[in-house]
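# Architecture at a glance
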Protein chains: 2
Amino acid sequence: MKQASRPGRGGRPAQISVEQITAAAVDLLDREGLEALTMRRIGAHLGVAAMSLYRHLPGRDAILSTVVNHLFATALADLDAGPTWTGALTRFAVAYRRMLLDHPNAVPLLATHPVDPATAVPVLAGLLESLTAAGVDQDDALIRIQSVGVFTLGHALAQVGAHPGAADADADADADADADADDAAGADTDAADAGQDPDALDYYQRWFDAGLQALVTGFDRRDAPA
Amino acid sequence: MKQASRPGRGGRPAQISVEQITAAAVDLLDREGLEALTMRRIGAHLGVAAMSLYRHLPGRDAILSTVVNHLFATALADLDAGPTWTGALTRFAVAYRRMLLDHPNAVPLLATHPVDPATAVPVLAGLLESLTAAGVDQDDALIRIQSVGVFTLGHALAQVGAHPGAADADADADADADADADDAAGADTDAADAGQDPDALDYYQRWFDAGLQALVTGFDRRDAPA
DNA sequence: GGCGTAAGCTTACGGTGTACTCAAACGCGA
DNA sequence: TCGCGTTTGAGTACACCGTAAGCTTACGCC
């Protein structure tokens, strides 16, 4: 054992925690992109040497996993079930997608590092129950949830992988962050995502809506016998 | 210009080509995993120094892109349209998925590096036409194709990212490759994929079938007005 | 004060992508 | 036949990466 010991006994007090490492990694990821997530940069962002991170997590990949789990869990923390499972499934997809577009640099991470079941299950328990309560078999319910999940993730992958800046932004970390170019045309969403052509944004939104609705209604139709 | 010059004039004859680099990268990827795709290893696999690759491609990322485009194009080279667009869309998804499972180490690459439109469009032209011929609007047809595409890719990401060996195989590159453990139970597919629990394999197959069918029928239902 | 313990730091190693510079190998005009 | 231009491959070097090993520091407790 090299980590996560009982803090009951003596020892030098820790000045960083797993949560702080995760938060620093997310911050660095959002601000400087995926390739900024190096042990040395994360450590420096916390005022600590790179090797000190290994006292709290076994390696870089573990940090990326905590980032993935943290983003997933916080994005879907308060999903209410609602009356219909189709509505619940749709709200899940929308919330998931909002997180992905809020953290575009994290999308490749979500694609590469699967969410730990130990964090996914409690978060999606309500959604699962809202399906089984409607008479959907447990396995089928899982399939429907996961289908919507992978569609949403795959869609976000296509969206964030498409625009010119790609996943790594280097030149625009300091300059203008003002939104004066935001003309009051009034899109349906409150437009938290930036840096993409409005036409493209609209296309992806329509694509997402159409695909999600097809998926949900396609599943719904199977419940009706004829 | 540092590459791709006209070979009409003199100069030292090239001993490697972009196609050979791509093939070597695919071979290395399938055999040794994603982290084996190093400039030095690819060069060594071709009997050439690492820096020589830069005479043919601008960098590592370009190699990865050629791999992605090559796999995508060859996997979907001969998609026949057939009478119905739902059938064509399903065959596209099945062929795409077969390629992804045949090259599990390439799945993260497909997720990260979008397929170049210049290679995707001709390959999917027949499929697109089979949709528009059925009266589907061009934009809507694109949305349906891409929805199936991202679902298939996302599904494959979940499948290959799940099993314990993950994307990098180190210890099983030389040992047993015999398939005597293949009992003649006879799954629907001819079981080209290996290294995964048969129960899990069956689950992913059912999941894929259910999601794909829901997606296709969900789109189909929108064509009927009522 | 001494001790046990845990956290953080320092150093070092092998590996990575790639910029830069030079040698080699061809077709061609003189 | 001999440069010559042109293109390709090789060699060297650099900054950076993840991380293994050992050391120092800072605490609670006896």
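Residues numbered from 1 in each chain as written. Chains lettered and ligands numbered in written order. Predicted model: local features only at pLDDT ≥ 70, side-chain atom pairs only at ≥ 80, totals over all residues.

A tally of helices and strands in chain A yields 8 helices and 0 strands. For chain A, the proportion of its 226 residues judged to be buried stands at 32%. Intrachain contacts of chain A at a sequence separation of at least 6 include 72% that bridge at least 24 residues. (Helix = DSSP H or I, 4+ residues; strand = E, 2+ residues; numbered from the N terminus. Buried ≥ 20, exposed ≤ 12 C-beta atoms within 10 Å, placed from the backbone. Contact = placed C-beta atoms within 7 Å.)

We now examine the relation of the copies chain B and chain A. Mapping one chain copy onto the other needs a rotation about an axis and a shift along that axis. Each copy of the sequence occupies a distinct position, and chain B is placed on chain A by a rotation of 180° and an axial shift of 0.0 Å, giving an RMSD of 0.1 Å. Overall, the copies show the geometry of a two-fold rotation axis. The overlap is high: 100% of the interface residues of chain B also sit at the interface in chain A, so the same surface is used on both sides. (Least-squares fit on C-alpha atoms with pLDDT ≥ 70 in both.)

Contact residues are listed per partner, giving 26 residues for chain B and 26 residues for chain A. Secondary-structure elements contributing two or more residues to the side of chain B that touches chain A are helix 5 (107–112), helix 7 (138–162) and helix 8 (198–223) of chain B. The element contributing the most residues to the side of chain B that touches chain A is helix 7 of chain B, with 12 residues. Its residues assigned to classes, the side of chain B that touches chain A shows 15 nonpolar, 10 polar and 1 charged. (Nonpolar A, V, L, I, M, F, W, Y, C, P; charged D, E, K, R; others polar.)

Turning next to helix 8 (residues 198–223) of chain A. Taking 1.5 Å of rise per residue, 26 residues should cover 38 Å, and helix 8 of chain A covers 38 Å from first to last C-alpha, within 8% of that figure. Listing the buried residues of helix 8 of chain A in full gives Tyr204(A), Trp207(A), Phe208(A), Gly211(A), Leu212(A), Ala214(A), Leu215(A), Val216(A), Gly218(A) and Phe219(A). Close packing links the buried residues of helix 8 of chain A with helix 4 (85–102) and helix 7 (138–160) of chain A together with helix 7 and helix 8 of chain B. (Expected span 1.5 Å × (residues − 1).)

It is worth spelling out the packing of helix 1 (residues 18–32) of chain B against helix 3 (residues 60–75) of chain B at this point. Residues and elements named next belong to chain B. Across the interface, helix 1 lies against helix 3 with an axial gap of 9 Å and an inter-helix angle of 85°. It follows that helix 1 is roughly perpendicular to helix 3 by the angle criterion. Residue-level contacts link Val18, Ile21, Thr22, Ala25, Val26 and Leu29 of helix 1 to Ile63, Thr66, Val67, His70 and Leu71 of helix 3. Along the lines of polarity and charge, the residues of the contact of helix 1 with helix 3 split into 8 nonpolar, 3 polar and no charged. (Axes fitted to C-alpha atoms, helices over the stretch in contact; angles between N-to-C directions. Parallel < 35°, antiparallel > 145°, perpendicular 65-115°, else oblique.)

Among the secondary structure elements, Asp220(B) is positioned in helix 8. Along the primary structure Asp220(B) and Leu89(B) are separated by 131 residues, whereas in three dimensions their C-alpha atoms are 11 Å apart.

In the vicinity of DNA strand D lie 27 residues, with Gly10(A), Gly59(A), Gly10(B), Gly11(B) and Met51(B) positioned nearest. With 3 residues, helix 2 (residues 39–45) of chain A is the largest single contributor of residues to the surface near DNA strand D. Grouping the constituent residues of the surface near DNA strand D by class yields 9 nonpolar, 10 polar and 8 charged. (Near = placed C-beta within 6 Å.)

Let's shift gears to helix 1 (residues 18–32) of chain A. All names here are of chain A. An ideal rise of 1.5 Å per residue puts 21 Å on 15 residues; helix 1 measures up with 21 Å between its terminal C-alpha atoms. For helix 1, the complete set of buried residues consists of Ile21, Thr22, Ala24, Ala25, Leu28 and Leu29. Around the axis of helix 1, the buried residues are gathered within 165° of arc, so they sit on the same side. Contacts from the buried residues of helix 1 go to helix 2 and helix 3 (60–75). Gly33 sits one or two positions beyond helix 1 and adopts a positive phi of about 100°. (Arc of directions from axis to C-beta.)

What follows deals with the environment of Leu76(A). Residues and elements named next belong to chain A. Considering the arrangement of structural elements, one finds Leu76 in the loop between helix 3 and helix 4. The class for Leu76 is buried, based on 20 C-beta atoms found within 10 Å. Between the C-alpha atom of Leu76 and that of Phe92, which follows or precedes it by 16 residues, the distance is 7.2 Å. When neighbours within four sequence positions are excluded, Leu76 is seen to be in contact with Phe92, Ala95, Tyr96 and Val123.

Moving on: the protein's contact with DNA strand C. Close to DNA strand C lie 25 residues, the nearest being Gly10(A), Gly11(A), Met51(A), Gly10(B) and Gly59(B). Per-element tally for the surface near DNA strand C: the top contributor is helix 2 (residues 39–45) of chain B, with 3 residues. Its residues assigned to classes, the surface near DNA strand C comprises 9 nonpolar, 9 polar and 7 charged.

Residue and element names in this part refer to chain B. Taken N-terminus to C-terminus, the directions of helix 4 (residues 85–102) and helix 8 make an angle of 150°; their axes are 10 Å apart at the nearest point. Between helix 4 and helix 8, the crossing angle belongs to the class labelled roughly antiparallel. Where helix 4 crosses over helix 8, the two elements pack in a sense that is right-handed. Taken together, the residues of helix 8 that come into contact with helix 4 (itself represented by Thr86, Leu89, Thr90, Ala93 and Arg97) are Phe208, Leu212, Val216 and Asp220. (Left-handed = near helix turned anticlockwise from the far one by under 90°.)

In this model, chain A carries a mean pLDDT of 86, and residues with pLDDT of at least 70 account for 81%. Every residue in residues 1–5 of chain A scores below 50 in pLDDT, and together they form 2 contacts with partners more than four places removed in sequence or on other chains. (pLDDT = per-residue confidence, 0-100.)

All names here are of chain A. Structurally, Pro122 is set in helix 6 (residues 117–132). A tally of 11 C-beta atoms within 10 Å means that Pro122 is categorised as exposed. Pro122 sits 45 residues away from Ala77 along the chain, and the two C-alpha atoms are 9.3 Å apart.

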